[in-house]
Amino acid sequence: MNLILLLEQTLNGLQLGVMLFLMAAGLTLVFGIMNLVNLAHGSLYMVGAYLATAFFQWTGSFLLAVPLALAGTLLVGMVVEIVALRTLYERDHLDQVLATFGLILFFNELIAILWGRAAIYAAAPAWLSGHVELFAGLRYPLFRFAIILVGLAVAALLWYVVTRTRLGMLIRAGASNRTMVAALGVNIRLLYTVVFGCGAALAGLAGLMAGPIYVVQPGMGEEILIQVFVVIVIGGIGSIRGAVAGAFIVGMVDTLGRAFLKPTLATVLSPSAADTAGPALASMLIYMLMAAVLAVRPEGLFPARGGG
Amino acid sequence: MRMSFRALFVGLAVAGFAAAPALAQQKLKIGFITTLSGPQGIIGEHMKNSVELALDHLGRKVGGLETEVIYGDDQFKPDVGKQVADEMLKKHQVQFVSGIIWSNVMLAVAPTVTQAGTFMIGTNAGPHDLAGKMCNELFFTTSWQNDQTPEAMGKYMQDQGLTDVYIMAPNYAAGKDMLSGFKRYFKGRIVDEVYTKLGQTDYQAELSQLRAKKPKAVFVFYPGGMGISFLRQYSEAGLRGQFPLYSVYTVDEITIPAVKHAALGQWETRFWSPDLKNPANEKYVADYRKKYGKWPVFYGAQSYDGILLIDSAVRAVKGNLADKKGMIAAMRKAEFASIRGKFAYNTNHFPIQNFYLLKAVAGATPGGDPVMEIQKPVFTNHKDAYYKECPMKW
């Protein structure tokens, strides 16, 4: 197995991990702080992708489209929280699952009405197309490299906000004991709306970066959402550190499994057995990992301290 | 007073039920089942549009009879498809069921329909079971048997003398059929055979592996959204110039608007293309573009043919819908202006037809989307590999 290929696959794993992290961060905060199971998180990812594509076409500038799309998704997230989700916090999880599933259907149909059911063309800007030569023999797509950098920057920023600012303190407090935070006179409603909006914007960021490399079509969010749930279960529900760790573990395991499991199996088993078992096992790996984590540490690898 | 009202209602209801079958005899009812919701709903939209266009061309009268087409949504699920078919048969009492995109849905729907003594006119899915042992005199298709299209690509690549081919498909029944169809005619060396997860969106890991293997050519089957992701990432990874890409059901008029230049230079095989030269096709393509403002796609072309096939059958028996033997005999002749030109039905009711090599080339308008262009026929009058297993003789 050559070293450059291994390195390239590690970068691929990192890039998938970054996308998963952006999605997981919002989802896990909303679950940890508001005790809300939000299945519609994938819809916000879709909204981000569509808004970015539309704004890019409209303004002709990717740099302008990004903040516009982020602001748009933030706004959509806040409106959804105020209109639909506020009444659900006190209800049990089944009601939340039903209601947010309804939101998925609503958003998918809305997007189909506005943009049509066909996948739309989402371009990467010219200055982000092409390759970077990281060192001799390793050419990596520039856009994917940019995704990694943006993702790491956002992770650093989130770490700063959560550990060093007043908002972050409230978020951490809310995650460990909501009732006490409310009792101390914090405007918990506003905090909820802000956190939900920020989570939506992060999902939107993931969506707008996914647009040029994946498919922009109604229902695109549900495909990634399942993996995101695996991430937060592995990392520990409600914990940002858990989301970071879970995302990178899942990204790496999934990518390296898809790349190297079959060749590795072929050295042990017969080639035809490896052909059958390789792809099947590779697509199950992250779920087996999740099952193992649940068996050993049911609360996840980095549980939020205190508990709600 | 109240009692007599109720009696009146019951009487009306009974009269209504009694009258329904009598009315149904004078009217042709076609149940058209496809996927109309979800991400795959776009395919159903093209099929429905084409059915409507066929009705327009026939003056809204199929076979000269007053016609009602009832559309049903299978939601991409076999069990839902079967329920919808049951509803078409029992509630609407249709004489024909048509449509169906997916092989797994078709395998649930076709037996339900034919066992009820009703015609099933498939307009896309062609699972090998229905071409072989499960063939039925009430089942016809206006598309193809699944293996045929990749067989054509395998033949072409074999004839080109290509070797060291890297082949990829999603890991499910049709994916395996496609690769086995390909291997039936391609005898050169295969570098690696890779199956990815059904519905996968990111192929970067697989593409890195592919590059490391340095194949001479690549053959893939990635329908719908998977194809859009794959093509974009193939171009983005800079593989387009390095390894020529050949595919089936990956680049079509639905996916091209979403991938644009990333499709350029793509090779496909297909039984039909919008630029196929025959009067029926030219009329279909021109009118489709005029009515809907976009290019038609093969799913739609087949559905258009489905309605014309039914029209030819009903016309042959002069509107006597009870004469099923007569309609079967008429459909076996395939006497209608098909979008693929003249063709014959094999004993298993699958078309014996040509398959062409297509290439995605730059569109006529500058900056416009690429279009598929026929290069040359690969197979003429190609039969599927399963008809000998079908016990039907005629």
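Residues numbered from 1 in each chain as written. Chains lettered and ligands numbered in written order. Predicted model: local features only at pLDDT ≥ 70, side-chain atom pairs only at ≥ 80, totals over all residues.

Trainee: How should I be thinking about the overall build of chain A in this particular structure?
Mentor: Scanning chain A for helices and strands turns up 11 helices and two strands. Ordered by position in the sequence, the α and β elements of chain A form the string α-α-α-α-β-β-α-α-α-α-α-α-α. In terms of overall dimensions, chain A is globule-like: its C-alpha atoms have a radius of gyration of 20 Å, near the 19 Å expected for 308 residues. C-alpha atoms of chain A, sized along the principal axes, occupy 65 × 50 × 35 Å. Sequence separation of at least 24 residues holds for 76% of the intrachain contacts in chain A that already meet a minimum separation of 6. (Helix = DSSP H or I, 4+ residues; strand = E, 2+ residues; numbered from the N terminus. Rg over C-alpha atoms; globule rule 2.2 N^0.38 Å. Contact = placed C-beta atoms within 7 Å.)

Trainee: Honestly, the overall build of chain B in this entry has me stumped. Any pointers?
Mentor: Along its length, chain B carries 13 helices and 14 strands. By the compact-globule yardstick of 21 Å for 394 residues, chain B fits well, its C-alpha radius of gyration being 22 Å. Each principal axis of the C-alpha distribution contributes one length, and for chain B these read about 85 × 50 × 40 Å.

Trainee: Teacher, can you tell me more about the pairing of strand 2 (residues 138-141) of chain A here?
Mentor: Along a regular strand, successive side chains alternate from one face of the sheet to the other. All names here are of chain A. Bridge count between strand 1 (residues 131-135) and strand 2: four bridges; the pairing is antiparallel. When the sheet's bridge partners are listed, Phe-135 is paired in strand 2 with Leu-138. Remark: two residues form the turn of the hairpin made by strand 1 and strand 2, two consecutive strands paired antiparallel; Gly-137 in that turn has positive phi of roughly 90 degrees. (Pairing = 2+ DSSP bridges.)

Trainee: What exactly am I supposed to notice about unusual backbone geometry here?
Mentor: Among all residues except glycine, the phi angle is most often negative; among peptide bonds, the trans geometry is most common. All names here are of chain B. Even without being a glycine, Arg-60 presents a positive backbone phi close to 60 degrees. Inspection of the secondary structure puts Arg-60 in the loop between helix 2 (41-57) and strand 2 (61-62). Overall, the presence of 12 C-beta atoms within 10 Å leaves Arg-60 in the exposed class. The phi angle at Lys-318 is positive, at roughly 55 degrees, despite the residue not being glycine. By the secondary structure assignment, Lys-318 is in the loop between helix 12 (298-316) and helix 13 (324-332). Under the C-beta neighbour-count criterion, Lys-318 is labelled exposed, with 11 such atoms within 10 Å. (Buried ≥ 20, exposed ≤ 12 C-beta atoms within 10 Å, placed from the backbone.)

Trainee: Hey, could you run me through the environment of Gln-266 of chain B in this one?
Mentor: All names here are of chain B. Summarising the element assignment, Gln-266 is placed in the loop between helix 10 (256-259) and strand 11 (267-270). Assessed through the 25 C-beta atoms surrounding it within 10 Å, Gln-266 is described here as buried. In this structure, the C-alpha to C-alpha distance between Gln-266 and Leu-245, residues 21 residues apart in sequence, is 6.2 Å. Leave out the neighbours within four places in its chain, and Gln-266 touches Leu-245, Ser-247, Val-251, Lys-359 and Ala-360.

Trainee: Help me understand the sheet that holds strand 6 (residues 139-141) of chain B, please; the structure alone is not making it clear to me.
Mentor: Each strand in a sheet pairs with its neighbour through backbone hydrogen bonds, running either in the same direction (parallel) or in the opposite one (antiparallel). Residues and elements named next belong to chain B. Across the sheet, which stays open at both edges, the six strands sit in the order 2-3-1-4-5-6 with mixed pairing between neighbours. The sheet is open, and its two borders are formed by strand 2 and strand 6, each paired with just one other strand. In the sheet, strand 2 pairs with strand 3 (residues 65-73) via two bridges, with the strands oriented antiparallel. Looking at strand 3, one finds that Val-62 is bridged to Leu-65. Where helix 3 (residues 78-90) meets the sheet, its contacts fall on strand 1 (27-34), strand 3 and strand 4 (96-99), and the angle it forms with strand 1 comes to roughly 175 degrees. (Axes fitted to C-alpha atoms, helices over the stretch in contact; angles between N-to-C directions.)

Trainee: How should I be thinking about the interface of chain A and chain B in this particular structure?
Mentor: Interface size, as often reported, equals the accessible area lost upon joining of the parts. Taken together, the contact between chain A and chain B spans 28 residues of the former and 31 residues of the latter. Residues belonging to the side of chain A that touches chain B are distributed by class as follows: 14 nonpolar, seven polar and seven charged. (Nonpolar A, V, L, I, M, F, W, Y, C, P; charged D, E, K, R; others polar.)

Trainee: For this particular structure, what's the right way to read the nonpolar core?
Mentor: Across soluble globular proteins, you tend to see nonpolar side chains buried next to one another. Grouped together as the largest cluster of nonpolar side chains are 209 residues, with contacts concentrated most on Met-23 and Ala-24 of chain A. Among the elements that line this core, the one with the most residues is helix 1 (residues 3-34) of chain A, at 17 residues. Each of two domains, domain 1 (29-144 + 277-342) and domain 2 (148-270 + 355-382) of chain B, supplies a minimum of three residues to this core. Sequence-distant contacts of Met-23 of chain A, defined by excluding residues within four places in its chain, comprise His-41, Tyr-45, Ala-203, Ala-206, Ile-224 and Val-228 of chain A. (Core = buried A, V, L, I, M, F, W, Y, C linked by C-beta atoms within 7 Å. Domains from an automatic or database assignment.)

Trainee: It is not clear to me how the packing of helix 6 (residues 148-159) of chain B against helix 7 (residues 173-185) of chain B should be interpreted in this structure. Could you clarify?
Mentor: Two quantities define a packed helix pair, namely the angle between the helix axes and the distance between the axes. All names here are of chain B. Where helix 6 meets helix 7, the closest approach of the two axes is 7 Å, and the angle between their N-to-C directions is 35 degrees. As helix 6 packs across helix 7, the resulting crossing turns out to be right-handed. Of the residues in helix 7, those touching helix 6 at Pro-150, Glu-151, Met-153, Gly-154, Lys-155 and Gln-158 are Met-178, Gly-181, Phe-182, Lys-183, Arg-184 and Tyr-185. Looking at the contact of helix 6 with helix 7, its residues break down into five nonpolar, three polar and four charged. (Left-handed = near helix turned anticlockwise from the far one by under 90°.)

Trainee: Sorry if this is basic, but what is going on with helix 7 of chain B here?
Mentor: Counting along an α-helix, one turn takes 3.6 residues, and residues three or four places apart therefore face a common direction. Residue and element names in this part refer to chain B. Taking 1.5 Å of rise per residue, the 13 residues of helix 7 would be expected to cover 18 Å, and the 19 Å separating its terminal C-alpha atoms lies within 8% of that figure. Burial in helix 7 covers these residues: Gly-175, Asp-177, Met-178, Leu-179, Gly-181 and Phe-182. In the core, the buried residues of helix 7 are packed alongside helix 5 (128-131), helix 6, strand 7 (165-170), strand 8 (190-196) and strand 9 (217-220). (Expected span 1.5 Å × (residues − 1).)

Trainee: Help me understand the pairing of strand 8 of chain B, please; the structure alone is not making it clear to me.
Mentor: Residue and element names in this part refer to chain B. Bridge count between strand 7 and strand 8: six bridges; the pairing is parallel. From the neighbouring strand, Val-165 faces strand 8, where its bridge partner is Ile-190. In the classification by handedness, the crossover that spans strand 7, the intervening helix 7 and the parallel strand 8 is right-handed. (Right-handed = clockwise from strand over helix to strand, strands pointing away.)

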